[in-house]
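Take a look at the letters that make up each chain.
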Amino acid sequence: MDPPESAASPAPADYLCLSGVSKSYGPLTVVRDVSLAVARGEILTILGPSGCGKTTTLRIIAGFESPDGGRVRLSGADVTDTPAYDRDVHTVFQHYALFPHLSVADNIAFGMRMDKVPEDEIKKRVPEALAMVKLSGFESRRIQSMSGGQMQRVALARAIAGRPAVLLLDEPLGALDLKLRKEMQLELKGLQRRLGIAFIYVTHDQEEAMTMSDRIAVFNHGRIEQVGTPGEIYEMPKTSFVADFIGGANIFSAKVLRGEPGRAHLLLEDEHELNVPLDANESLPGIGARVKVAIRPERVKVFYKDELPFGLIRFDAILKDTVFLGDACQIYLQMFKKNPERLTIAWAGGDRYAVHDDMDVPVIAAVDPEDVYILERDNG
Amino acid sequence: MAEPVSRRSFLKAAILAPLMPALLAACRRADDKRVVNFFNWSNYIGKDTLPEFTKRTGVDVRYDLFADEDEMFTKLRAGARGYDLIVVGDYLIPRFKSMNLIEPVPAGTLKNLDNLGPRFRRPVYDPDETTVPYLWGTTGIAYNKKKIKKAPTSWWDLWDPQYKDRVSMLDNVRDCISVAMQLLKIPQTTRDPEDFKKIRELLVKQKPLVKQYSSASYLNSLVAGEIDLAMTWSGDLFQTARENPDLDYVIPKEGTYMWVDCLAIMRGSRHRADTLRLIDYLLEPSVAAGIANSVRYATPNQAAQPEVDKVLLKDPRVYPTPALMKQLQLHHVLDSEQSELWSQTWADVKVA
Amino acid sequence: MGKALSWLLGGRKPLASHLLLAPASLWLIFLLVIPAGGLIVLSFAKNGPYGAIVWEFGLHNYARAFDPKYLPVLFRTFAFAAATTVVCLVLGYPLAYYLTFRAGRWRNALLVGLMVPFWSSCLVAYYSWMIVLGKEGLLNTALIRFGFLSEPIGFLYTPFAILLGLVYFYLPFTVLPLYASLDKVPRSVIEAAYDLGAGRWTAFWKVTLPLSLPGVVAGCILTFIPCLGDFLTVEILGGPRYYLLGNLISNQFMMAQDWPFGSALTSLLLAGLVGGLWLYQRWEKA
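Worth saying up front: this structure is predicted, and the values here are computed from it rather than measured.

When its secondary structure is counted, chain B shows 13 helices and 11 strands. Based on the C-alpha atoms only, the size of chain B along its principal axes is roughly 85 × 55 × 45 Å. Evaluated residue by residue, chain B yields a buried proportion of 41% over its 352 residues. Sequence-distant contacts, at least 24 apart, represent 77% of the contacts inside chain B between residues at least 6 apart.

Taken together, the contact pairs 26 residues of chain C with 28 residues of chain B. Listing elements by their share of the side of chain C that touches chain B, those giving two or more residues are α4 (71-102) and α12 (245-254) of chain C. Sorting elements by how many residues they give to the side of chain C that touches chain B places α12 of chain C first, with six residues. In terms of residue class, the side of chain C that touches chain B is built from 14 nonpolar, eight polar and four charged.

Structurally, R145 of chain C can be placed in helix α7 (residues 138-145). Taking the C-alpha atoms as reference points, R145 of chain C and V189 of chain C, separated by 44 residues in sequence, lie 50 Å from one another.

Here we take up helix α3 (residues 69-77) of chain B. Residues and elements named next belong to chain B. All of the buried residues along α3 are E69, D70, M72, F73 and L76. On an axial view of α3, the arc spanned by its buried residues comes to 160 degrees, and they lie on one face. Downstream of α3 by a residue or two, G79 has a phi angle that is positive, lying close to 115 degrees.

Moving on, we come to the domain arrangement of chain A. Residues and elements named next belong to chain A. By domain assignment, chain A separates into domain 1 (14-243) and domain 2 (249-377). For domain 1 versus domain 2, the distance between C-alpha centres works out to 39 Å. Facing six residues of domain 1, the contacting portion of domain 2 comprises eight residues. For the side of domain 1 that touches domain 2, the class distribution of residues is three nonpolar, two polar and one charged.

All names here are of chain B. With 10 of its 10 residues buried, strand β10 (residues 257-266) lies for the most part within the structure. Residues Y257, W259, D261, L263 and I265 point to one face of β10 and M258, V260, C262, A264 and M266 to the other, with burial holding for every one of them. Note that strand β3 (residues 85-89) and β10 share five bridges and pair antiparallel. Across the sheet, residue V88 finds its bridge partner in β10, namely C262. In this sheet, β10 lies alongside strand β4 (residues 102-103) in antiparallel orientation, the contact comprising two bridges. Bridge pairing in β10 places I102 opposite M266. Inspection of the sheet shows strand β5 (residues 132-144) paired to β10 by six bridges, in the antiparallel sense. Looking across to β10, one finds that L135 is bridged to D261. Note: β10 against strand β11 (residues 329-330), two bridges, orientation parallel. Across the sheet, the residue bridging to Y257 is Q329, located in β11.

Take the nonpolar core next. In this structure, C176, C262, L263 and A292 of chain B are the most contacted members of the largest nonpolar core, which totals 136 residues. With 13 residues, helix α8 (residues 159-184) of chain C is the single largest residue contributor to this core. The residue makeup of this core includes at least three contributed by each of domain 2 (32-136 + 260-322) and domain 3 (138-257 + 333-351) of chain B. Each residue touching A292 of chain B, except ones within four places of it in the same chain, is listed here: L135, Y297, A298, T299, A304 and V308 of chain B. Counting residues in each nonpolar core, the second largest holds 113 residues, with A37, V38, L58 and A155 of chain A among its members.

Backbone hydrogen bonds hold the strands of a sheet together, and the pairing may be parallel or antiparallel. All names here are of chain A. Here we have five strands laid out as an open sheet, ordered β13-β12-β11-β14-β20, and antiparallel in their pairing. For this open sheet the edge positions go to β13 (272-277) and β20 (372-377), each flanked by a neighbour on one side alone. The sheet shows a mean angle of 40 degrees between the axes of neighbouring strands, direction not considered. By the bridge criterion, four bridges tie strand β14 (residues 290-295) to β20 in an arrangement that is antiparallel.

It is worth spelling out the interface of chain A and chain C at this point. Each partner contributes to the interface: chain A provides 17 residues, whereas chain C provides 14 residues. Elements with a contribution of two residues or more to the side of chain A that touches chain C: β6 (89-92) and α2 (104-114) of chain A. With three residues, α2 of chain A is the largest single contributor of residues to the side of chain A that touches chain C. When its residues are assigned to classes, the side of chain A that touches chain C shows 10 nonpolar, six polar and one charged.

For the two pairs of chains in contact, the maximum contact count is reached by chains B and C. The two partners chain A and chain B share no contact, and the minimum distance between any of their C-alpha atoms is 43 Å.

The next thing to look at is the packing of helix α5 (residues 107-119) of chain C against α8 of chain C. Residue and element names in this part refer to chain C. As a packed pair, α5 and α8 sit with axes 9 Å apart at the nearest point and diverge in direction by 130 degrees. With respect to their mutual orientation, α5 and α8 come out oblique. The handedness of the crossing between α5 and α8 is left-handed. Where α5 abuts α8, its residues L114, M115, P117 and F118 lie against Y168, F169, P172 and V175.

All names here are of chain C. Interhelical geometry of helix α10 (residues 200-228) versus helix α13 (residues 259-285) gives an angle of 170 degrees and a closest axis separation of 10 Å. As far as their axial angle goes, α13 and α10 are roughly antiparallel. Where α10 approaches α13, its residues I221, I225 and L228 are matched on the opposing element by L273, G276, L277 and Y280.

To continue, consider the environment of P260 of chain C. Residue and element names in this part refer to chain C. By the element assignment, P260 lies in helix α13. Residues P260 and W55, spaced 205 residues apart in sequence, show a C-alpha to C-alpha distance of 9.9 Å. Leaving out residues up to four positions away in the same chain, P260 has contacts with L42, S43, A45, K46, N47, I53 and N61.

A turn of α-helix holds 3.6 residues, and therefore any two residues three or four places apart point the same way. Residues and elements named next belong to chain C. The sharpest bend along α10 measures roughly 45 degrees and falls at L213, with the proline P214 sitting one to four residues further on. For α10, every residue scored as buried is listed here: A203, V207, S212, G215, G219, C220, I221, L222, T223, F224, C227 and L228. Those residues of α10 that are buried lie in contact with α4, α8, α9 (187-195), α12 and α13.

On to the sheet that holds strand β10 (residues 223-228) of chain A, then. Residues and elements named next belong to chain A. Pairing in this open sheet of six strands is mixed, and the strands run β6-β7-β8-β3-β9-β10 from one edge to the other. Every other strand in the sheet has two partners, leaving β6 and β10 as the edge strands with one partner each. Ignoring strand direction, the axes of neighbouring strands in this sheet form an average angle of 20 degrees. Sheet analysis places strand β3 (residues 43-47) next to strand β9 (residues 215-220), joined by four bridges and oriented parallel. By the bridge assignment, L44 is partnered in β9 with R215.

Moving on to unusual backbone geometry. All names here are of chain A. Despite not being glycine, R163 shows a phi value in the positive range, around 50 degrees. Along the chain, R163 turns up in the loop between α4 (148-161) and β7 (166-170). Under the C-beta neighbour-count criterion, R163 is labelled partly exposed, with 17 such atoms within 10 Å. The backbone of E269 shows a phi angle near 50 degrees, a positive value even though the residue is not glycine.

With that settled, consider the pairing of β14 of chain A. Residues and elements named next belong to chain A. β14 sits mainly inside the fold: five of its six residues count as buried. The pairing of strand β11 (residues 250-260) with β14 spans six bridges and is classified as antiparallel. Among the inter-strand pairings, N250 is bridged to a residue of β14, identified as I295.

Rules and cut-offs
Residues numbered from 1 in each chain as written. Chains lettered and ligands numbered in written order. Predicted model: local features only at pLDDT ≥ 70, side-chain atom pairs only at ≥ 80, totals over all residues. Helix = DSSP H or I, 4+ residues; strand = E, 2+ residues; numbered from the N terminus. Buried ≥ 20, exposed ≤ 12 C-beta atoms within 10 Å, placed from the backbone. Contact = placed C-beta atoms within 7 Å. Nonpolar A, V, L, I, M, F, W, Y, C, P; charged D, E, K, R; others polar. Arc of directions from axis to C-beta. Domains from an automatic or database assignment. Pairing = 2+ DSSP bridges. Core = buried A, V, L, I, M, F, W, Y, C linked by C-beta atoms within 7 Å. Axes fitted to C-alpha atoms, helices over the stretch in contact; angles between N-to-C directions. Parallel < 35°, antiparallel > 145°, perpendicular 65-115°, else oblique. Left-handed = near helix turned anticlockwise from the far one by under 90°. Bend = angle between axes of the 7 residues up to and from the residue.

What follows is the structure, given as structure tokens:
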């Protein structure tokens, strides 16, 4: 298992750099030794479940919290001890945090006025910012009269109007409905491309992360489990947590029988023998060790007749349940006699495989050995 | 769960139930007990006077205090019941009578009534002897000998700007208006609104000099040094002088009034017999003398003279000389119209 | 029977809710509505000999109330109430700010501490102030001991003592609405101000303070209006040189024995208080 990607020494292209940042509240350690590098102009998403430390990390970058250990560097300069109001970092808050006593224009102008930008310049930039978020003409509107989506855009305009170096977004779309959220995701991405500002985006929605990000940092219990592009994270998860969090996976337990260069022989769930290829930089724990193994549901193919293509691993299974989701089907299979409760999930497209209504139908499940990922040691 | 609770509450009820009639009976018994409810000025009776009475007669005396005559009148007028015996200033007696707050002492019931000096029998403020004189005194000026080099001689000294913020006046309409009238040489019988306007202006002119208007707490201020010159009642000053011998009393040269505080029975008293017994007791020579010696006011009780403290008897400030006595006047008995003029003027002075 | 009662009491609600309200309603009716009503009726009566009440009705008491000789009292009352409000605001705002943003664990304890003078008898409190402020009192003794004074100053019976007593009593009236208003300011909005480059003071001045203005107004009104009717403070700590409207009224009852006139003054004061509060409510809704 590889250690998570770290950036202990900032590379020249790095714009924002966290090294070894940790933060505790009393006995509770919220952020553990987090090291992260964000390049100029990229969208990096911090992804993780509630309570994993992502918001705290964001607040440390913004300057609202002081880390107990580690440094924060912006464009080479150490800003760890600089207060929030002196950092060239702006935040879009989860619940917008607009100034209720100011008009839209004054909200947007606030940051610029703090920076002592001349008034005629401000007069130009406010409508520009509004146009960028598609709210032209809203200058004199009052905050109370706006919808959630509109307020979100004002919050965005306010944060980018001052042309900060880095923009932090703390689950900004969480309060919007699904349709609006999907629209905003694309808009945000487009906006970022136009502005060229580095976005650090925090979310717990893995679909959102996959849609928007150049890179994703997956957080769990205050630690970074993996950093990579969406493709890397999805195709080559390093831990069972990442595998399960992104895209969902079937996680099995397996014992290492023997190893050869480039291949591993495993006993899956004490029942099935598998021979799977290893990745270039993957190393196998010793003989007899137990490991966690992941297989993506959409890589499990279900056949009703014994007509398997060549090269796939074959499992005899019983169809236990199917769930129709409109654009896909979720199929629940029982593959292991020794552990009948351990169901495997398979995905199927709408019409590719005929779905039987009968339960307990014997079927054949097949998996390409390439699609079996060996994760970390199974200590459980 | 219900069982133990109900058992406990049953036990509680069983224990309390027989106690209830006993408690009620105790309350009733408290009422039937022989008692007199006595409402009086503070510092206006001897230490042992009432305990001696209780020891002798078995009648308990519940003693309640007031420090402000007007407050006392308002309280009683508003309907405070439960008092049997009260002490009323002479000028208030017509008011009490007209509002039907007091009952006359039935003629012939008091055996010690004749102990009073003839000057105090059938006085002009109470010709039908509804009330019984208790103590009398004068109103004068108290001053701190150490702080005031030149002893005051006139009421005008209380208007002297050099004593700014060191003066106190009694919080009493009768005394203050009387002084103003004396200084302006206005007779007490006047009904003229112009006169009262002058009186008000004179008293308002004095206001910036006055630190306090008070009838009792000014004595503490005298002792503490907050004020050095005060309008005072004779006996109060002598009582305080025991604590601070630097204090002295002066009757101004313009003269002053004497006033008499009287005992009166409240209408609706439920302990009339015992109240009369108490009044009779207070009229006894030795009792009257004991009170007078203790509070340092003058007793109207002639029969008590032999037992009055010789030092006090010789002190002309407490027992004025016969020559001075001739000069001392009682306040004119005001009718309701005059009374209202006096009260309104005083109220206006206080808020000016 | 239950139905009839229900209809009498307003119809649509069930009887049970009326019964729940009954103790409070009875309390209000017997101890507030009826006495206040009696007072208003009395204000039209005439004052008879020795203060007896003559039940002949007219507006003479109200006419008297507007006599210019009472103007100094009115001015003095307004001046003291205004001064109290200002001092309470100056002292109270930092206190409320501290309670909201800095107090942390101690917040509840401090709030209780603020309310304690309110619960204890104010008479006791004022008499203790006399002990502190007197010429031989704690304050003078301390000042002389530390060499600030050579002779004691008469603190009592001065406007200073009155203001002290009034502020002491009315401070909670100011602090609590301020605290409530400051507490409602979302922390994220203040953080947004920092985020956009506002320093601590700028963030306070441009964001926190404007958002707490409703609380400031509420605090001022809730202090000013009851303060207009205060009489106890002056009675004990001030002396008759500074008698206020409240003292004027209490004198009518206790001294001048003119209850009808006192009732008229009270009714006017009540009208002023209720009017002021009503205006405030209208403004708040807007």
